[in-house]
Amino acid sequence: MPDQDGKLTEEETQKATAWLNEHAKVGKCSMCGNLNWSVVPVIFNSTIYYPGGGLRVGGASVPLISIICSNCGHMEFFSAVVIGLLPREPDAQATVKSPEEVAKGTANGG
Ligand SMILES: [Zn+2]
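Keep in mind that this is a model prediction, so the values were computed, not measured.

When its secondary structure is counted, the protein chain shows three helices and three strands. Burial status across the protein chain gives 15% buried among its 110 residues.

The structure is reproduced here in structure tokens:
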């Protein structure tokens, strides 16, 4: 589990690197053709869009890790849950609810 600042431990960074090498077949950077990538050792949080464009503190989000091209800085993102850095949570299903359900305020299981 990442620390309070969202930083991955060295072990977690190595786990993510191993998972990506096994599952993702990371190739050339789509921007510059470079073959050297590294895992950015933090968890990013992509917030969910809500109607009206507002941001909900504590609302649904998607935790992500990123790899970065060592030459141009292009970044690509992967699910931290699928990689196994974070546990699957039942509330994660809230992200697939319809816009009508989200508008009713049931997106967080409430
Ligand atoms: Zn690049």
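Per-residue confidence for the protein chain gives a mean pLDDT of 85, with 85% of residues at or over 70. Here helix 3 (residues 99-103) stands out as the least confident element of the protein chain, with mean pLDDT 70; strand 3 (residues 75-79) is the most confident, with 97.

This next bit is on the nonpolar core. Residues Ala 16, Val 39, Ile 65, Ala 80, Ile 83 and Leu 85 are the most contacted members of the largest nonpolar core, which totals 13 residues. Within the residue set of this core, elements represented by two or more residues are strand 1 (37-47), strand 2 (61-69) and helix 2 (80-83). When residues of this core are assigned to their parent elements, the largest contribution, four residues, is made by strand 2. When near neighbours in sequence (up to four residues on either side) are disregarded, Ile 65 contacts Ala 16, Val 39, Val 40, Ile 43, Phe 78, Ala 80, Ile 83 and Leu 85.

What follows deals with the sheet that holds strand 1. An order of 1-2-3 is seen for the three strands of this open sheet, with the pairing classed as antiparallel. Single-partner strands in this sheet number two, and they are strand 1 and strand 3. When strand polarity is set aside, the average angle formed by the axes of neighbouring strands in this sheet is 30 degrees. Relative to strand 3, strand 2 is paired through five bridges, and the arrangement is antiparallel.

Next up on the list: the environment of Phe 77. Mapping Phe 77 onto the fold places it in strand 3. Sequence separation between Phe 77 and Val 39 is 38 residues, and the spatial gap between their C-alpha atoms is 9.9 Å. Residues contacting Phe 77, with those up to four places away along its chain left out, are Phe 44, Leu 64 and Ser 66.

Moving on to helix 1 (residues 10-23). Here helix 1 is 14 residues long and its end C-alpha atoms lie 20 Å apart, about the 20 Å a rise of 1.5 Å per residue gives. Positive backbone phi, approximately 50 degrees, marks Lys 25, located one or two places after helix 1.

With that settled, consider the environment of Leu 35. Turning to its location among the elements, Leu 35 is positioned in the loop between helix 1 and strand 1. Taking the C-alpha atoms as reference, Leu 35 lies 8.5 Å from Ser 70; in sequence the two are 35 residues apart.

Now for unusual backbone geometry. Although it is not a glycine, Lys 25 sits at a positive phi angle of roughly 50 degrees. With respect to the element layout, Lys 25 can be found in the loop between helix 1 and strand 1. A tally of 7 C-beta atoms within 10 Å means that Lys 25 is categorised as exposed.

Rules and cut-offs
Residues numbered from 1 in each chain as written. Predicted model: local features only at pLDDT ≥ 70, side-chain atom pairs only at ≥ 80, totals over all residues. Helix = DSSP H or I, 4+ residues; strand = E, 2+ residues; numbered from the N terminus. Buried ≥ 20, exposed ≤ 12 C-beta atoms within 10 Å, placed from the backbone. pLDDT = per-residue confidence, 0-100. Core = buried A, V, L, I, M, F, W, Y, C linked by C-beta atoms within 7 Å. Contact = placed C-beta atoms within 7 Å. Pairing = 2+ DSSP bridges. Axes fitted to C-alpha atoms, helices over the stretch in contact; angles between N-to-C directions. Expected span 1.5 Å × (residues − 1).

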